[in-house]
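# Coordinates in review
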Amino acid sequence: MPNIKSAKKRVKVSNSNHKSNIDVKGAMKTAVKKALKDLNEENVKIANKRIDKALNKGIIKDNKASRIKSSLAKKINETK
């Protein structure tokens, strides 16, 4: 445990940010799994929104977001 007041505050902020990041990342993963299970335009659109949200918050990196979106687009185009 930190002894300095500012370090204690940073621990609190860090924990709250961690919880928020887990929620966003979990929503993203759930949307991607749902889109993969039932390949339709609506689910892929929602998954892309969740991926963009995680990307904008800095939870995932650019290449990972691009890779996930690309694989979803590839799979939806295979089914057509």
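Computed from a prediction, not measured in an experiment: that's the story for all the values here.

Conventions and cut-offs
Residues numbered from 1 in each chain as written. Predicted model: local features only at pLDDT ≥ 70, side-chain atom pairs only at ≥ 80, totals over all residues. Heavy atoms only, no water. Salt bridge = Lys/Arg side-chain N within 4 Å of Asp/Glu carboxyl O. Helix = DSSP H or I, 4+ residues; strand = E, 2+ residues; numbered from the N terminus. Buried < 20%, exposed > 50% of the residue type's maximum accessible area, 1.4 Å probe, protein only. Patch = residues over 30% accessible without salt bridge, like charges linked within 9 Å, V, L, I, M, F, W, Y side chains within 5 Å. Areas by Shrake-Rupley, 256 points an atom, 1.4 Å probe, with all protein chains shown as cover. Lys, Arg positive; Asp, Glu negative; His and termini not counted. Charge placed at Lys NZ, Arg CZ, Asp CG, Glu CD. Axes fitted to C-alpha atoms, helices over the stretch in contact; angles between N-to-C directions. Parallel < 35°, antiparallel > 145°, perpendicular 65-115°, else oblique. Contact = heavy atoms within 4.5 Å. Nonpolar A, V, L, I, M, F, W, Y, C, P; charged D, E, K, R; others polar.

Moving on, we get to the pattern of salt bridges. Scanning all chains against the criterion turns up one salt bridge. The residue lysine 69 makes a salt bridge to aspartate 52 at a minimum N-O spacing of 2.5 Å. Residue lysine 69 is located in helix α3 (residues 62–79), and its partner aspartate 52 is located in helix α2 (residues 41–56); the two are separated by 17 residues in the primary sequence. Lysine 69 sits in the partly exposed class, given a relative accessible area of 27%. By relative accessible area, aspartate 52 is classed as partly exposed at 28%.

A cluster of basic residues, Lys25, Lys29, Lys33, Lys64 and Arg67, forms a positive patch at the surface. Breaking the positive patch down by element, the ones donating at least two residues are α1 (5–37) and α3. Among the elements that take part in the positive patch, α1 stands out by supplying three residues, more than any other.

Another point: the packing of α2 against α3. For the pair α2 and α3, interaxial distance at closest approach is 10 Å and the crossing angle is 175°. Here α3 runs roughly antiparallel to α2, going by the angle between their axes. Contact residues: α2 offers Glu41, Val44, Ala47, Asn48, Ile51, Asp52 and Leu55, while α3 offers Asp62, Ala65, Ile68, Lys69, Leu72 and Ile76. When its residues are assigned to classes, the contact of α2 with α3 shows eight nonpolar, one polar and four charged.

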